Amino acid sequence: MSNVPLIDPFDRQISYLRVSVTDRCDLRCVYCMAEDMTFLPKADVLSLEELDRLCSAFVGLGVRKLRLTGGEPLVRKNILWLIRQLGRHLESGALDELTLTSNGTQLAKYTDELAAAGVRRINVSLDTLDPTKFAAITRWGKLDQVLDGLAAAKRAGLAVKINTVALKGINDDEFDRMLTWCGECGFDLTFIEVMPMGEIGEQRIDQYLPLSMVRAKLAERWTLTDSDHRTGGPARYVEVAETGQRLGFITPLTHNFCESCNRVRLTCTGTLYMCLGQNDDADLRSALRSNGDGGALEQAIREAITRKPKGHDFVIDRRHNQPAVGRHMSVTGG
Ligand code: SAM
Ligand code: SF4
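Residues numbered from 1 in each chain as written. Chains lettered and ligands numbered in written order. Predicted model: local features only at pLDDT ≥ 70, side-chain atom pairs only at ≥ 80, totals over all residues. Heavy atoms only, no water.

1. With respect to the overall build of the protein chain
Counting its secondary structure elements, the protein chain contains eleven helices and twelve strands. What you see for the protein chain is a C-alpha radius of gyration of 19 Å, in line with the 20 Å of a compact globule of 334 residues. The buried share among the 334 residues of the protein chain stands at 57%. Taking contacts inside the protein chain between residues at least 6 apart in sequence as the whole, the part at least 24 apart equals 73%. With an accessible surface of roughly 14300 Å², the protein chain has 49% of that area assigned to carbon and sulfur atoms. Here the protein chain contributes 42 positive and 44 negative side-chain charges, whose respective centroids are spaced 2 Å apart. (Helix = DSSP H or I, 4+ residues; strand = E, 2+ residues; numbered from the N terminus. Rg over C-alpha atoms; globule rule 2.2 N^0.38 Å. Buried < 20%, exposed > 50% of the residue type's maximum accessible area, 1.4 Å probe, protein only. Contact = heavy atoms within 4.5 Å. Areas by Shrake-Rupley, 256 points an atom, 1.4 Å probe, with all protein chains shown as cover. Lys, Arg positive; Asp, Glu negative; His and termini not counted. Charge placed at Lys NZ, Arg CZ, Asp CG, Glu CD.)

Set out below in structure tokens:
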């Protein structure tokens, strides 16, 4: 593989790959999935060996950070095998970070092995601290399972960031409490605006809460100071003086963040999406499965990067109440 970095047409270097290792999940969050989802046939899903080869090809082309997501990454059978395999790139120094986004339900079971494989940080999605609301948002989840997972992660020394989707009329009375709780637990917190992805059987406009409003409300009670902290991603951060923790805002709707985008997204079938909010994709599975020395795969990846668009087209208002892209977040993993 040539060591020429992956640079897109807007001069952004692609150094971050997010991989949805399965589209399946043990929950059905109301903003993410419809209740009755049709998942991909297992035969279409890449094997763990194939996912390892694909991820490793990206690492060979200069990707420094890998995030496994889904669906729920920890429900994929033998996922720890893949995580351990990818851990070799941490040991060799080719990779700076191997991490996961998880709903936390399986975390208690896996946290020690994740830490042993080189995972140092994890993002856990949690939209409420109220067990009844949690069951309603996830359609059947048990909050205690996630809290046990978080406690285990803390014991194992993993740094935790909580991701909370701001949902109008559902969890908007809990943001102060979430901030206090994260401060007590030593977790960072990021609020996310709901994005119009996939049919979910509800109107997006009924869920959508602009984070500009959330921030203004929080600022009445907390001392928020803009922070220079950047991850090359969409979040903008503030420091919360009272808790000493960092608070992030991911605002695709109220503030377009695409100019610094350093990432692309791979699905479990080997389809590469160059932008979360656009439909254009590249099939890497055929190149992966073609015989040869990996040249076809490198060529397919480089060609895909030449098609990375400038930005997404997400809009939610009364006139735009349809999904901007047809696929659900669980396909590309957020
Ligand atoms: N199952 C894992 C989890 O929940 O963390 C990983 C996959 S999930 C699709 C990744 C992130 O996307 C979660 O933080 C979830 O809250 C967020 N998410 C899902 N659908 C979304 C939507 N329509 N708009 C904004 N965020 C969404
Ligand atoms: Fe599953 Fe995560 Fe989607 Fe919730 S947000 S349904 S946990 S994939």
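What follows picks up the thread again.
2. Some thoughts on the pairing of strand β2 (residues 65–69)
Among the five residues in β2, five count as buried, and that is most of the element. Residues of β2 alternate between two faces, with K65, R67 and T69 on one and L66 and L68 on the opposite face, all of them buried. In terms of strand pairing, strand β1 (residues 16–20) meets β2 through five bridges, oriented parallel. Directly across from L17, in β2, lies its bridge partner L66. The β-α-β motif built from β1, the intervening helix α1 (residues 48–60) and the parallel element β2 has right-handed crossover chirality. In the sheet, β2 pairs with strand β3 (residues 97–102) via four bridges, with the strands oriented parallel. The residue of β3 that forms the bridge with R67 is T99. (Pairing = 2+ DSSP bridges. Right-handed = clockwise from strand over helix to strand, strands pointing away.)

3. Some words on the environment of A153
By the secondary structure assignment, A153 is in helix α5 (residues 143–155). Spatially, the C-alpha atom of A153 lies 28 Å from that of T225, the residues being 72 residues apart in sequence. Ignoring any residue separated from it by four or fewer positions in sequence, one finds A153 in contact with L107, T111, L158 and V160.

4. Regarding the site of ligand 1
Y31, G71, T101, S125 and M195 are the nearest of the 19 residues found near ligand 1. E72 is positioned with one of its side-chain polar atoms (N or O) 3.2 Å from a nitrogen atom of ligand 1. About the coverage of ligand 1: the protein hides 95% of its 550 Å² of free accessible area. For the shell around ligand 1, the elements supplying multiple residues, two or more each, are β3, β5 (159–166) and β6 (188–193). Its residues placed into classes, the shell around ligand 1 shows seven nonpolar, nine polar and three charged. (Near = heavy atom within 4 Å. Polar contact = N/O pair within 3.5 Å; in protein donor to acceptor, adjacent residues only side chain to side chain. Nonpolar A, V, L, I, M, F, W, Y, C, P; charged D, E, K, R; others polar.)

5. A closer look at helix α8 (residues 211–219)
Burial in α8 covers these residues: L211, V214 and L218. Along the long axis of α8, the arc covered by the buried residues comes to 50 degrees, so they all point the same way. Relative to its buried face, α8 has exposed residues pointing more than 90 degrees away, namely M213 and K217. The secondary structure elements touched by the buried residues of α8 are β5, α6 (175–185), β6, β7 (224–226) and β9 (246–250). (Arc of directions from axis to C-beta.)

6. Some points on the site of ligand 2
If you check the shell around ligand 2, you find C25, L27, R28, C29, C32, G71 and N103 and nothing else. Across the shell around ligand 2, the residue classes tally to four nonpolar, two polar and one charged.

7. Some thoughts on the pattern of salt bridges
When the charged atoms of two side chains lie near each other, side chains of opposite charge can form a pair. Counted according to the given criterion, the structure contains 17 salt bridges. Of the charged contacts in the structure, one is a salt bridge between R215 and D226, with a shortest N-O distance of 3.1 Å. Taken together, the residues span a long stretch of sequence, with R215 in helix α8 and D226 in strand β7 at a distance of eleven residues. A salt bridge links D280 to R307, with the nearest nitrogen and oxygen atoms 2.9 Å apart. Of this pair, D280 sits in the loop between β11 (271–273) and β12 (281–283) while R307 sits in the loop between α10 (295–305) and α11 (329–332), placing them 27 residues apart in sequence. Taking the relative accessible area as the measure of exposure, D280 reaches 36% and is therefore partly exposed. Linked through salt bridges whose partners overlap, the residues forming this network are K133, D173, E174 and R177. (Salt bridge = Lys/Arg side-chain N within 4 Å of Asp/Glu carboxyl O.)

That's the geometry; what it means functionally is another story.
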